Amino acid sequence: MTGTGRDHTFQEIRPVQSLHAPAFEFAEVTGHGDFAEHDRRLEELAREAAAAVASETALILAPVAGFGEMSLDLGSDDGDLLDDARANAAAREYELALELLDEYLGAHPEHQEGRYLRAYCLYHLDGQGQSEALRILRPLRDEPPADEGLRDRIRDLRRELRRRLTPPEVTAYTQSVRTDPRGALARVEAFLELAPEEGTLSYLLALGQARGGDLERALDTAERGAAQADVDGEQVAAFARRLRLALLTPHAAPAVSAFKTGDLDRARRELARMDPRWRRSVVVDDFDAYLALLLGRTDRRAAPPAPRLPADRTEDLYSLIADADGQRAAELMRAGRAEQAERLLAHVLALVPRFPWINFLYAACLYRLLRDPDRAAACAEIAQRDPTLTQARELLETIRSWQEASLVNPVVDEYVAAMESVRGGVSVERLGALRQRLVALERVLPSLSSSVRSETGAQIVRELGQAIGQRLVEVADAIVVGGLYEKYDRLMSSVKGGISDAREADRLGHALDGITAEIKSARKAARKGAGDQLDELAALVVSRRAEVEKVKTGIQVSALVRRFNDLAEQQSEPLARLRADPYTVRSRLSGILEDARRLRRDAKRTLDSRDQTLLDELISTISRTLR
């Protein structure tokens, strides 16, 4: 900010910026009862499948040479075929080994080691034979093993075949499900029969079935997958919980409705009347226990306590109560009806205050309405506890930026308004008012600085503090400059009618000399901008001081001429010379001459040409007269 010219105007060289919160696009709308994430999960699974192919290395399988002591002794001549097959497999003559094994298994189709060796050879031949190898090993997974070592080798080979074959199956599904959903699901289901340990496939199949509306079949798939999976079992188990809740929700709706209206006794009665098939459910038992807990409270107006349950069961209970409302609120938000969504969510959140998904929706709703940033941040923090709410962290960061903006921007706005109040020129009085506003802002900065969290917010507060400090210094300088200008203006206004005599000129000159001394003192402490203004004022005062001296000199010249003329006029009267004392007249003329010569000598630089000519003529006339 710089002061410029006589008007003391201020211009912002580097304006202080407001804090802008990043935009947040609400996309997370899925709850336990919604299976709309099918397409998103397809993309994720496709990426995961590609990464699995690129990153995993092949399993090093145990050689077959040591199987002799593990094989079954059938007491026949076919044992040579099996020995030869083992030898060829160990020598990597897989096709020859397969011919021997086909002949051997024709006579002994259930021989476990023979079937394993056939799958082992097909695995090493790559191509379509690997799918056949997995098909051969599928029954062996469930059969009692002839030998523990053989069982380990069957398990290792199946795991390696699954590692190789599962990613292409996932990729094939993601590429065909949109054009041929039935065919894609049938292919996944067929492969899942060969590899039930792959939880991802169970999840994908159940998800597709749920998307198609067959929730009961999807639940059966997910529960069976969760029981059999040794890969991604948690994912498919969580999905089974969601499916079970989706199927249970309509049956529990009367009890949930009674709960929401506050009729807890009726809610328990509704649970007791449920179809036994659905009543015998862990989440329903948990709901009943929670209702009993609420009924036992002494103060029913207080916020409801948390259910006394593990986190996953608490989430299921909250989902049973509030999922439908969450879906409705999400739809309202997508339709641009955030006010209605906020009212719905506020009511539901009072019932399930620790449910992450409803907290997420309410935080997003408050942010969209730009209402109550502190409450929105608290809700977003609760939402972050659920890792499946992928936007929760982004939402919390956005709300924290909004919180900071709601604190920082009013202070920045007040600073800008204060500076706007002196745009175009000010008086000393207005500068004093500006200083008061800036000092008040400066007092707010320490608490504001302790409230901001982001580096951007902290930087803006620092820049604001620096700007206010700089402005206060400049305002102090401007007040000094303005005060001196106003003092000068008042002084010059007092002589607008002109200077009548030398004493008045002396008084004005002394006053101007006093202002010059004040300017000199102020100039020592002034910054560059104020110093330039003081220099301008000093030059103006010097100029006026010179003008006063010229006026004073002119008045003195006029006074001498008037004295001479008065004396001459007296001498021109009749009989004046007879009455006058010649010595007195001569003495008076000498006095006028002496004063004139002294003025001519001392006021050489302040005489203008007219006064100088007049004074010279006076001196010459008197000098001639006195000769």
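What you are looking at is a predicted structure, and each value in this text was computed from that prediction instead of being measured.

Thresholds applied
- Residues numbered from 1 in each chain as written.
- Predicted model: local features only at pLDDT ≥ 70, side-chain atom pairs only at ≥ 80, totals over all residues.
- Heavy atoms only, no water.
- Axes fitted to C-alpha atoms, helices over the stretch in contact; angles between N-to-C directions.
- Helix = DSSP H or I, 4+ residues; strand = E, 2+ residues; numbered from the N terminus.
- Parallel < 35°, antiparallel > 145°, perpendicular 65-115°, else oblique.
- Left-handed = near helix turned anticlockwise from the far one by under 90°.
- Contact = heavy atoms within 4.5 Å.
- Nonpolar A, V, L, I, M, F, W, Y, C, P; charged D, E, K, R; others polar.
- Salt bridge = Lys/Arg side-chain N within 4 Å of Asp/Glu carboxyl O.
- Buried < 20%, exposed > 50% of the residue type's maximum accessible area, 1.4 Å probe, protein only.
- Core = buried A, V, L, I, M, F, W, Y, C linked by side-chain atoms within 4.5 Å.
- pLDDT = per-residue confidence, 0-100.
- Expected span 1.5 Å × (residues − 1).
- Arc of directions from axis to C-beta.

**Quick look at the packing of helix H8 (residues 199–211) against helix H10 (residues 233–260)**
So, point 1. At a closest axis distance of 8 Å, the pairing of H8 and H10 adopts a crossing angle of 25°. The angle between the axes of H8 and H10 places the two elements in the roughly parallel class. For the pair H8 and H10, the sense of crossing is left-handed. On H10, the residues touching Gly 199, Thr 200, Ser 202, Tyr 203, Ala 206, Leu 207 and Ala 210 of H8 are Gln 235, Val 236, Phe 239 and Leu 243.
So, point 2. When grouped by side-chain class, the residues that make up the contact of H8 with H10 number seven nonpolar, four polar and no charged.

**Structural notes on the pattern of salt bridges**
So, point 1. Under the defined criterion, the tally for this structure stands at 41 salt bridges.
So, point 2. In this structure, the salt-bridge partner of Arg 159 is Asp 156, at a minimum N-O distance of 3.1 Å. Residue Arg 159 and its partner Asp 156 are both found in helix H6 (residues 148–176); the two are separated by three residues, about one turn of the helix.
So, point 3. For Arg 159, a relative accessible area of 37% puts it in the partly exposed group.
So, point 4. Note that Glu 189 is salt-bridged to Arg 217, the shortest N-O span being 3.0 Å. One end of the pair, Glu 189, is in helix H7 (residues 181–194); the other, Arg 217, is in helix H9 (residues 215–228), with 28 residues separating them in the sequence.
So, point 5. Each of the salt bridges in this network shares a partner with another, and the network as a whole consists of Arg 138, Arg 141, Asp 142, Arg 158, Arg 162, Glu 197, Glu 198 and Asp 230.

**What to know about the environment of Leu 81**
So, point 1. Tracing the sequence through the fold places Leu 81 in helix H2 (residues 79–90).
So, point 2. Look at Leu 81 and you get buried, because its relative accessible area is 16%.
So, point 3. Between the alpha carbons of Leu 81 and Leu 105 there is a distance of 9.8 Å; along the sequence they are 24 residues apart.
So, point 4. Residues in contact with Leu 81, not counting those within four places in the same chain, are Leu 100, Glu 103 and Tyr 104.

**Remarks on the nonpolar core**
So, point 1. Judged by nonpolar contacts, the single largest core of 72 residues is most densely connected at Leu 243, Phe 259, Phe 287, Ile 358 and Ile 399.
So, point 2. Excluding residues that lie within four positions of it along the chain, Phe 259 makes contacts with Leu 264, Ala 267, Phe 287, Tyr 290, Leu 291, Leu 294, Ile 321 and Leu 351.

**What about the environment of Pro 181?**
So, point 1. With respect to the helices, strands and loops of the structure, Pro 181 is situated in helix H7.
So, point 2. Since its relative accessible area comes to 41%, Pro 181 is described here as partly exposed.
So, point 3. C-alpha separation for the pair Pro 181 and Gly 212, spaced 31 residues apart in sequence, amounts to 9.0 Å.

**A closer look at the confidence of the model for the protein chain**
So, point 1. Taken residue by residue, the protein chain gives an average pLDDT of 81. The fraction at 70 or more is 85%.
So, point 2. Looking across the protein chain, the model is least confident in strand E1 (residues 2–4), with a mean pLDDT of 35, and most confident in helix H11 (residues 264–272), with 94.
So, point 3. Counting interchain partners and residues more than four positions distant, the pLDDT-below-50 stretch residues 1–15 has 42 contacts.
So, point 4. With pLDDT under 50 throughout, residues 53–60 is counted as low confidence; its partners more than four residues away or in other chains account for 12 contacts.

**Description of helix H25 (residues 609–625)**
So, point 1. The end-to-end C-alpha distance of H25, which contains 17 residues, comes to 24 Å, matching closely the 24 Å that a straight helix rising 1.5 Å per residue would cover.
So, point 2. Within the span of H25, buried status applies to Asp 611, Leu 615, Leu 618, Ile 619, Ile 622 and Ser 623. All buried residues of H25 project into a common sector of 125° when viewed along the axis, lining one side. Opposite the buried face of H25, at more than 90 degrees from it, the exposed residues are Ser 609 and Arg 610.

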